[in-house]
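Breakdown of the fold
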Amino acid sequence: MSDFNLAGEIVIFDTETTGIDPETGDKIVEFGAIVVNNRKVTEEKLQLYFDPERDIPEETTDIHGIDNESIKELSNGMIFADHAQGLWDFLQGRQWAAHNASFDVGFLDAEFVQAGFGKISDHMPPVFDTLKYAQQANPNQRNSLDALCKRFGIDLSERTDHGALLDSQLLADVFLLLTTVQTDLSLTDDKRVAKASNLLENIVRVDGSGLNVLKASETEAIQHLEKINSIRQKSEKEVDWDYGP
């Protein structure tokens, strides 16, 4: 994705759904997004819930915690079509990124078509898929969102269930680290210390208490990048079968 501007405005997004296939009637129940601009997470975010007008299977509820009763309250009975214009306007003209992006984009396309808008992907630049990027950078490692958060030392304590907004917040941190570490590993030690410290100090994460700046000491920063480097250079071959979010 050589034409993707990593320093530009990017919508980092995720969806939660009733199942895995929109062609068989599965629907989106939650959309969540965080906007990254100039390599920082901004205060702009979006969270929407949709009544899928169908049952949510128990096995799906076990993943994201949304059941038939709670979605009625969370969505106020509003379906995707009720939010389609606002969501279209929010996305259109911006770069976007997701983990296992074909899943989320496929659902968004199906929902927008059903709402009479056509495929949103026909009006957007190519999506940046953090899963594919991570697999190319670390082909013999696990590259699920959980695995990447653990690899980068990102706090997962709040992720008791999958949630579109929470996962977007986590993915924003992963995106910033993932797309910077790959170029930092070839630098000299002094330059790696400086750039790693600057990177980690300037990752701004939106949470319930507002904006928090996550800071690391120079020692912690260089240790972090050395750990990533050692992971990439491991001779052991571990096949990653976990391609989902």
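Residues numbered from 1 in each chain as written. Predicted model: local features only at pLDDT ≥ 70, side-chain atom pairs only at ≥ 80, totals over all residues. Heavy atoms only, no water.

What to know about the environment of Leu 176
Note that Leu 176 resides in helix 7 (residues 164–184). In sequence terms Leu 176 and Val 36 are 140 residues apart; their C-alpha atoms lie 8.9 Å from each other. (Helix = DSSP H or I, 4+ residues; strand = E, 2+ residues; numbered from the N terminus.)

Side note on the packing of aromatic side chains
Under the criterion given, the structure shown has eleven aromatic pairs. Measuring from ring centre to ring centre gives 6.0 Å for Phe 13 and Phe 31, while their planes differ by 20 degrees; the resulting arrangement is stacked. Of this pair, Phe 13 sits in strand 1 (residues 10–17) while Phe 31 sits in strand 2 (residues 28–37); the two residues are 18 residues apart in sequence, bridging distant segments of the chain. Ring centres 4.9 Å apart and planes at 50 degrees place the aromatic pair Phe 50 and Phe 80 in the tilted group. With Phe 50 in the loop between strand 3 (40–49) and helix 1 (58–64) and Phe 80 in helix 3 (residues 80–91), the pair connects residues that are 30 residues apart, well separated along the chain. The pair formed by Phe 50 and Phe 80 is uniform in burial state, with each residue classed as buried. Just above the ring of Phe 90 sits the side chain of Arg 94; from NZ or CZ to the centre is 5.1 Å. (Phe/Tyr/Trp six-rings, centres within 6.5 Å; stacked < 30°, edge-to-face > 60°. Buried < 20%, exposed > 50% of the residue type's maximum accessible area, 1.4 Å probe, protein only. Lys NZ or Arg CZ within 6 Å of the ring centre and 35° of its normal.)

Some remarks on the environment of Val 36
Mapping Val 36 onto the fold places it in strand 2. Among the residues examined, Val 36 registers a relative accessible area of 0% and is labelled buried. Spatially, the C-alpha atom of Val 36 lies 7.1 Å from that of Ile 12, the residues being 24 residues apart in sequence. Excluding residues within four positions of it along the chain, Val 36 makes contact with Gly 8, Glu 9, Ile 10, Ile 12, Val 41, Thr 42, Ala 172 and Leu 176. (Contact = heavy atoms within 4.5 Å.)

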